[in-house]
Amino acid sequence: MKILLFGSSGQIGSEIHRKFSIEYEIKIFSSKEVNFQNLNQLKKCINTVNPDLIINAAAYTDVNNAEINFEEADTINSKAVSVIAEECRKNEILLIHYSTDYVFDGKSKKPYIETDQTNPLSVYGKTKRNGEQMIKDSYCDNIILRTSWVYSSNKNNFIRKIINNSINNKELHIVDDQFGTPTSTEFISNNTLHAVKHMQVNRTSDKYFGIYHLTPNGHTNWYEYAVRFMSKVPEKEKGKNCVILPKKTEKLSSIANRPTFSVLDNRKFSAVFDNRFESWSFYLDKFINKEF
(Lines give C-alpha, C1' and ligand atoms only; values in the text may rest on other atoms or scores of the structure.)
Protein backbone atom coordinates (compact mmCIF):
# COMPACT_ATOMS: atom_id res chain seq x y z
CA MET A 1 0.00 0.00 0.00
CA LYS A 2 1.36 3.39 -1.04
CA ILE A 3 0.61 6.23 1.37
CA LEU A 4 0.76 9.98 0.73
CA LEU A 5 1.16 12.07 3.89
CA PHE A 6 0.50 15.79 3.98
CA GLY A 7 1.69 17.92 6.90
CA SER A 8 4.70 15.76 7.66
CA SER A 9 6.48 18.50 9.62
CA GLY A 10 3.58 19.15 11.99
CA GLN A 11 2.89 17.60 15.37
CA ILE A 12 0.65 14.79 14.17
CA GLY A 13 2.27 14.40 10.77
CA SER A 14 5.80 13.91 12.05
CA GLU A 15 4.66 11.14 14.38
CA ILE A 16 2.53 9.53 11.66
CA HIS A 17 5.58 9.48 9.40
CA ARG A 18 7.77 7.91 12.07
CA LYS A 19 5.21 5.23 12.90
CA PHE A 20 3.99 4.32 9.40
CA SER A 21 7.37 4.36 7.64
CA ILE A 22 8.42 1.27 9.59
CA GLU A 23 5.92 -0.88 7.70
CA TYR A 24 4.66 1.06 4.68
CA GLU A 25 5.89 2.94 1.65
CA ILE A 26 5.06 6.52 2.53
CA LYS A 27 5.61 9.69 0.52
CA ILE A 28 5.81 12.78 2.71
CA PHE A 29 5.20 16.43 1.93
CA SER A 30 5.49 19.33 4.33
CA SER A 31 3.78 22.70 3.84
CA LYS A 32 7.01 24.01 2.33
CA GLU A 33 6.99 21.31 -0.35
CA VAL A 34 3.29 21.41 -1.16
CA ASN A 35 1.64 24.75 -0.48
CA PHE A 36 -2.00 24.19 0.43
CA GLN A 37 -2.76 27.70 -0.82
CA ASN A 38 -1.72 26.55 -4.29
CA LEU A 39 -4.57 24.21 -5.10
CA ASN A 40 -3.25 23.28 -8.56
CA GLN A 41 0.08 22.24 -7.02
CA LEU A 42 -1.80 20.14 -4.49
CA LYS A 43 -3.84 18.39 -7.18
CA LYS A 44 -0.73 17.74 -9.28
CA CYS A 45 1.05 16.18 -6.29
CA ILE A 46 -1.78 13.73 -5.67
CA ASN A 47 -1.94 12.65 -9.30
CA THR A 48 1.84 12.27 -9.53
CA VAL A 49 2.12 10.05 -6.46
CA ASN A 50 -1.14 8.19 -7.18
CA PRO A 51 -1.40 6.68 -3.67
CA ASP A 52 -3.77 4.11 -2.21
CA LEU A 53 -4.21 6.14 0.96
CA ILE A 54 -3.86 9.85 1.75
CA ILE A 55 -3.35 10.89 5.36
CA ASN A 56 -3.98 14.61 5.73
CA ALA A 57 -2.31 15.97 8.86
CA ALA A 58 -1.86 19.45 7.40
CA ALA A 59 -3.88 22.27 8.96
CA TYR A 60 -3.90 25.91 9.96
CA THR A 61 -4.00 25.46 13.74
CA ASP A 62 -3.22 28.91 15.18
CA VAL A 63 -6.61 29.58 16.76
CA ASN A 64 -6.10 33.28 17.49
CA ASN A 65 -4.38 34.19 14.23
CA ALA A 66 -7.09 32.40 12.27
CA GLU A 67 -9.45 35.18 13.38
CA ILE A 68 -7.22 37.64 11.54
CA ASN A 69 -6.05 35.46 8.65
CA PHE A 70 -9.42 34.01 7.73
CA GLU A 71 -8.68 33.51 4.02
CA GLU A 72 -5.49 31.58 4.69
CA ALA A 73 -7.12 29.41 7.36
CA ASP A 74 -10.13 28.75 5.12
CA THR A 75 -7.97 27.81 2.14
CA ILE A 76 -5.82 25.37 4.12
CA ASN A 77 -8.52 23.86 6.33
CA SER A 78 -11.40 23.84 3.86
CA LYS A 79 -10.68 24.55 0.18
CA ALA A 80 -7.54 22.43 0.03
CA VAL A 81 -9.37 19.61 1.81
CA SER A 82 -12.07 19.81 -0.84
CA VAL A 83 -9.44 19.34 -3.55
CA ILE A 84 -7.94 16.34 -1.73
CA ALA A 85 -11.37 14.77 -1.23
CA GLU A 86 -12.36 15.25 -4.87
CA GLU A 87 -9.13 13.67 -6.11
CA CYS A 88 -9.66 10.79 -3.69
CA ARG A 89 -13.16 10.24 -5.07
CA LYS A 90 -12.04 10.32 -8.71
CA ASN A 91 -9.09 8.01 -8.13
CA GLU A 92 -10.64 5.69 -5.52
CA ILE A 93 -8.15 6.72 -2.82
CA LEU A 94 -8.97 6.31 0.87
CA LEU A 95 -8.64 9.55 2.84
CA ILE A 96 -7.83 9.78 6.55
CA HIS A 97 -8.26 13.35 7.77
CA TYR A 98 -7.76 14.90 11.22
CA SER A 99 -10.25 17.32 12.68
CA THR A 100 -10.85 18.92 16.06
CA ASP A 101 -13.01 19.22 19.16
CA TYR A 102 -13.37 22.92 18.31
CA VAL A 103 -16.16 22.09 15.84
CA PHE A 104 -18.41 22.09 18.94
CA ASP A 105 -19.57 25.08 20.99
CA GLY A 106 -18.89 23.54 24.40
CA LYS A 107 -22.44 23.92 25.72
CA SER A 108 -23.00 20.19 26.17
CA LYS A 109 -23.25 18.69 29.64
CA LYS A 110 -21.81 15.36 28.48
CA PRO A 111 -19.07 14.19 26.07
CA TYR A 112 -19.91 14.81 22.43
CA ILE A 113 -20.70 11.87 20.16
CA GLU A 114 -19.95 11.93 16.44
CA THR A 115 -23.54 12.73 15.40
CA ASP A 116 -23.98 15.72 17.73
CA GLN A 117 -24.67 19.05 16.06
CA THR A 118 -21.55 21.08 15.34
CA ASN A 119 -21.51 24.79 16.16
CA PRO A 120 -17.95 26.15 16.17
CA LEU A 121 -17.23 29.39 18.00
CA SER A 122 -14.00 30.37 16.24
CA VAL A 123 -12.78 30.82 12.68
CA TYR A 124 -10.46 27.88 13.24
CA GLY A 125 -13.37 25.68 14.32
CA LYS A 126 -15.54 26.86 11.43
CA THR A 127 -12.88 26.18 8.80
CA LYS A 128 -12.23 22.70 10.24
CA ARG A 129 -15.96 21.99 10.28
CA ASN A 130 -16.19 23.19 6.68
CA GLY A 131 -13.34 20.83 5.78
CA GLU A 132 -15.28 17.95 7.27
CA GLN A 133 -18.32 18.94 5.20
CA MET A 134 -16.25 19.12 2.01
CA ILE A 135 -15.15 15.54 2.59
CA LYS A 136 -18.72 14.36 3.18
CA ASP A 137 -20.00 16.20 0.11
CA SER A 138 -17.33 14.61 -2.10
CA TYR A 139 -18.52 11.08 -1.29
CA CYS A 140 -14.94 9.87 -1.26
CA ASP A 141 -13.96 6.92 0.91
CA ASN A 142 -12.95 8.60 4.14
CA ILE A 143 -12.27 8.40 7.85
CA ILE A 144 -12.36 11.68 9.79
CA LEU A 145 -10.64 11.57 13.16
CA ARG A 146 -11.54 14.36 15.57
CA THR A 147 -9.02 14.80 18.35
CA SER A 148 -8.21 17.41 21.01
CA TRP A 149 -5.54 19.23 23.03
CA VAL A 150 -2.71 17.67 21.03
CA TYR A 151 0.78 17.50 22.51
CA SER A 152 4.11 16.03 21.41
CA SER A 153 7.82 16.15 22.11
CA ASN A 154 8.99 18.48 19.39
CA LYS A 155 6.57 21.33 18.87
CA ASN A 156 5.37 24.56 20.39
CA ASN A 157 2.39 23.21 22.32
CA PHE A 158 0.84 23.75 25.74
CA ILE A 159 3.17 21.59 27.80
CA ARG A 160 6.29 23.02 26.17
CA LYS A 161 5.05 26.53 26.86
CA ILE A 162 4.40 25.60 30.50
CA ILE A 163 7.96 24.35 30.96
CA ASN A 164 9.53 27.37 29.26
CA ASN A 165 7.36 29.85 31.14
CA SER A 166 8.05 28.18 34.48
CA ILE A 167 11.75 28.95 34.07
CA ASN A 168 11.16 32.67 33.54
CA ASN A 169 8.20 33.33 35.83
CA LYS A 170 7.36 32.92 39.51
CA GLU A 171 3.65 32.44 38.79
CA LEU A 172 1.69 30.89 35.93
CA HIS A 173 -2.05 31.55 35.66
CA ILE A 174 -3.86 28.75 33.83
CA VAL A 175 -7.58 28.59 33.06
CA ASP A 176 -9.57 26.08 35.08
CA ASP A 177 -12.98 26.40 33.41
CA GLN A 178 -12.22 24.94 29.98
CA PHE A 179 -12.51 21.15 29.85
CA GLY A 180 -11.15 18.67 27.34
CA THR A 181 -8.88 15.66 26.89
CA PRO A 182 -5.11 15.98 26.36
CA THR A 183 -4.07 13.70 23.50
CA SER A 184 -0.53 12.76 22.53
CA THR A 185 0.56 12.41 18.93
CA GLU A 186 1.84 8.93 19.78
CA PHE A 187 -1.69 7.96 20.85
CA ILE A 188 -3.07 9.40 17.61
CA SER A 189 -0.51 7.71 15.36
CA ASN A 190 -0.76 4.35 17.15
CA ASN A 191 -4.52 4.26 16.76
CA THR A 192 -4.46 5.53 13.18
CA LEU A 193 -2.08 2.69 12.35
CA HIS A 194 -4.29 0.26 14.26
CA ALA A 195 -7.31 1.35 12.21
CA VAL A 196 -5.48 0.94 8.89
CA LYS A 197 -4.27 -2.53 9.84
CA HIS A 198 -7.72 -3.49 11.08
CA MET A 199 -9.22 -2.61 7.71
CA GLN A 200 -6.49 -4.54 5.87
CA VAL A 201 -6.98 -7.65 7.98
CA ASN A 202 -10.72 -7.58 7.41
CA ARG A 203 -10.16 -6.99 3.68
CA THR A 204 -12.79 -4.27 3.55
CA SER A 205 -13.02 -0.67 4.49
CA ASP A 206 -16.41 0.69 3.44
CA LYS A 207 -18.09 -0.30 6.69
CA TYR A 208 -15.48 1.72 8.58
CA PHE A 209 -15.96 5.03 6.76
CA GLY A 210 -17.14 8.08 8.70
CA ILE A 211 -16.33 10.34 11.64
CA TYR A 212 -14.68 9.10 14.84
CA HIS A 213 -13.57 10.77 18.04
CA LEU A 214 -10.00 9.82 18.87
CA THR A 215 -8.94 10.78 22.39
CA PRO A 216 -8.03 8.88 25.56
CA ASN A 217 -10.59 8.28 28.29
CA GLY A 218 -11.60 10.94 30.78
CA HIS A 219 -11.12 14.68 30.79
CA THR A 220 -9.57 17.53 32.74
CA ASN A 221 -9.13 21.30 32.61
CA TRP A 222 -6.04 23.23 31.54
CA TYR A 223 -5.09 24.08 35.13
CA GLU A 224 -5.27 20.49 36.41
CA TYR A 225 -3.48 19.31 33.29
CA ALA A 226 -0.62 21.75 33.90
CA VAL A 227 -0.36 20.87 37.59
CA ARG A 228 -0.17 17.14 36.91
CA PHE A 229 2.34 17.58 34.12
CA MET A 230 4.65 19.80 36.15
CA SER A 231 4.42 17.52 39.18
CA LYS A 232 5.79 14.66 37.11
CA VAL A 233 8.53 16.49 35.19
CA PRO A 234 12.03 16.22 36.74
CA GLU A 235 13.17 19.31 38.66
CA LYS A 236 16.10 19.93 36.33
CA GLU A 237 13.74 20.43 33.37
CA LYS A 238 11.58 23.20 34.85
CA GLY A 239 11.58 26.36 36.94
CA LYS A 240 12.15 25.54 40.59
CA ASN A 241 10.13 28.30 42.26
CA CYS A 242 7.21 28.72 39.90
CA VAL A 243 3.66 28.37 41.25
CA ILE A 244 0.70 27.45 39.03
CA LEU A 245 -2.54 29.25 39.88
CA PRO A 246 -6.07 28.87 38.46
CA LYS A 247 -7.63 31.55 36.30
CA LYS A 248 -11.05 32.08 34.69
CA THR A 249 -11.52 32.31 30.92
CA GLU A 250 -13.14 35.74 31.24
CA LYS A 251 -9.79 37.05 32.50
CA LEU A 252 -7.98 35.97 29.35
CA SER A 253 -7.05 38.37 26.57
CA SER A 254 -7.86 36.01 23.70
CA ILE A 255 -9.07 36.98 20.24
CA ALA A 256 -10.83 33.68 19.55
CA ASN A 257 -13.67 32.15 21.54
CA ARG A 258 -13.06 28.61 22.74
CA PRO A 259 -15.53 25.94 23.88
CA THR A 260 -15.68 25.54 27.66
CA PHE A 261 -16.47 21.80 27.41
CA SER A 262 -15.16 20.01 24.32
CA VAL A 263 -14.84 16.48 25.67
CA LEU A 264 -15.23 13.83 22.95
CA ASP A 265 -16.88 10.45 23.47
CA ASN A 266 -14.45 7.86 22.03
CA ARG A 267 -16.60 4.74 22.34
CA LYS A 268 -17.39 4.47 18.62
CA PHE A 269 -13.74 4.19 17.59
CA SER A 270 -13.05 1.73 20.39
CA ALA A 271 -15.98 -0.48 19.40
CA VAL A 272 -15.59 -0.39 15.61
CA PHE A 273 -11.83 -0.94 15.61
CA ASP A 274 -11.83 -3.29 18.60
CA ASN A 275 -9.42 -1.29 20.70
CA ARG A 276 -9.39 -0.25 24.37
CA PHE A 277 -8.11 3.07 25.67
CA GLU A 278 -6.57 4.19 28.97
CA SER A 279 -7.05 7.54 30.69
CA TRP A 280 -5.44 10.76 29.45
CA SER A 281 -3.27 10.81 32.60
CA PHE A 282 -1.92 7.33 31.81
CA TYR A 283 -0.68 8.48 28.39
CA LEU A 284 0.66 11.74 29.81
CA ASP A 285 2.70 9.87 32.42
CA LYS A 286 3.93 7.52 29.71
CA PHE A 287 4.97 10.51 27.60
CA ILE A 288 6.83 12.12 30.50
CA ASN A 289 8.68 8.90 31.37
CA LYS A 290 9.76 8.57 27.75
CA GLU A 291 10.74 12.19 27.08
CA PHE A 292 12.30 13.18 30.40
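Structure: see above.
Values in this document were obtained by computation on a predicted structure and should not be read as measured data.

*Asks:* Teacher, can you tell me more about the packing of helix 1 (residues 11–20) against helix 7 (residues 185–201) here?
*Replies:* Working note: a packed helix pair is described by the angle between its axes plus the distance between those axes. Helix 7 packs onto helix 1 with a crossing angle of 50° between their chain directions and a minimal axis gap of 9 Å. Regarding the angle of helix 1 to helix 7, the classification is oblique. Crossing geometry of helix 1 relative to helix 7 is assigned as right-handed. Residues Gln11, Ile12, Glu15, Ile16, Lys19 and Phe20 of helix 1 touch helix 7, and the partners they reach there are Thr185, Glu186, Ile188, Ser189, Asn190, Thr192, Leu193 and Val196. The class makeup of the residues in the contact of helix 1 with helix 7 is 6 nonpolar, 5 polar and 3 charged.

*Asks:* Can you walk me through the sheet that holds strand 4 (residues 94–100) in this structure?
*Replies:* Strand pairs in the sheet, formed through backbone hydrogen bonds, run parallel or antiparallel to each other. Read across the sheet, 6 strands follow the order 2-1-3-4-5-10 without closing on themselves; strand pairing throughout is parallel. A strand with exactly one partner marks an edge of an open sheet, and here the two such strands are strand 2 (25–29) and strand 10 (210–213). Ignoring strand direction, the axes of neighbouring strands in this sheet form an average angle of 20°. Where strand 1 (residues 2–6) lies against strand 2, 5 bridges are found, and the strand directions are parallel. For Leu5, the partnering residue across the bridge sits in strand 2 and is Ile28.

*Asks:* Sorry if this is basic, but what is going on with the pairing of strand 4 here?
*Replies:* Moving residue by residue along a regular strand, the side chains alternate between the two faces of the sheet. With respect to burial, strand 4 is a largely interior element, 7 of its 7 residues being buried. The side-chain alternation of strand 4 yields two buried faces, one formed by Leu94, Ile96, Tyr98 and Thr100 and the other by Leu95, His97 and Ser99. One ladder, built from 4 bridges, connects strand 3 (residues 53–56) with strand 4; its direction is parallel. Its bridge partner being in strand 4, Ile55 is matched across the sheet by Ile96. Following the chain from strand 4 across helix 5 (residues 123–138) to the adjacent parallel strand 5 (residues 142–147), one finds a crossover that is right-handed.

*Asks:* Got a minute to help me understand helix 6 (residues 158–168) in this structure?
*Replies:* An α-helix turns once every 3.6 residues. As a result, residues three or four positions apart point the same way. The complete set of buried residues in helix 6 reads Ile159, Ile162, Ile163 and Ser166. Along the long axis of helix 6, the arc covered by the buried residues comes to 95°, so they all point the same way. In the core, the buried residues of helix 6 are packed alongside strand 6 (150–151), strand 7 (171–175), helix 8 (222–232) and helix 10 (280–291).

*Asks:* Would you mind going over the layout of surface pockets with me for this structure?
*Replies:* Using a probe with the size of a water molecule, rolled over the atoms, empty space left in the structure can be pinpointed. Computed from the structure, the second largest pocket encloses a volume of approximately 160 Å³. Glu15, Ser153, Thr185, Lys290 and Glu291 are the residues nearest the centre of the second largest pocket, which is lined by 13 residues in total. Elements represented by at least two residues in the lining of the second largest pocket include exactly helix 1, helix 7 and helix 10. Looking at the lining of the second largest pocket, the element that brings in the most residues is helix 1, giving 4 residues. Grouping the constituent residues of the lining of the second largest pocket by class yields 1 nonpolar, 7 polar and 5 charged.

The rules behind these values
- Residues numbered from 1 in each chain as written.
- Predicted model: local features only at pLDDT ≥ 70, side-chain atom pairs only at ≥ 80, totals over all residues.
- Heavy atoms only, no water.
- Axes fitted to C-alpha atoms, helices over the stretch in contact; angles between N-to-C directions.
- Helix = DSSP H or I, 4+ residues; strand = E, 2+ residues; numbered from the N terminus.
- Parallel < 35°, antiparallel > 145°, perpendicular 65-115°, else oblique.
- Left-handed = near helix turned anticlockwise from the far one by under 90°.
- Contact = heavy atoms within 4.5 Å.
- Nonpolar A, V, L, I, M, F, W, Y, C, P; charged D, E, K, R; others polar.
- Pairing = 2+ DSSP bridges.
- Buried < 20%, exposed > 50% of the residue type's maximum accessible area, 1.4 Å probe, protein only.
- Right-handed = clockwise from strand over helix to strand, strands pointing away.
- Arc of directions from axis to C-beta.
- 1 Å grid on protein atoms, 1.4 Å probe; cavity = no way out; pocket = protein on both sides within 12 Å on 5 of 7 lines; lining within 4 Å.
- Points joined across faces, edges and corners; volume = space filled by probe spheres on them.

Geometry only, nothing functional implied.
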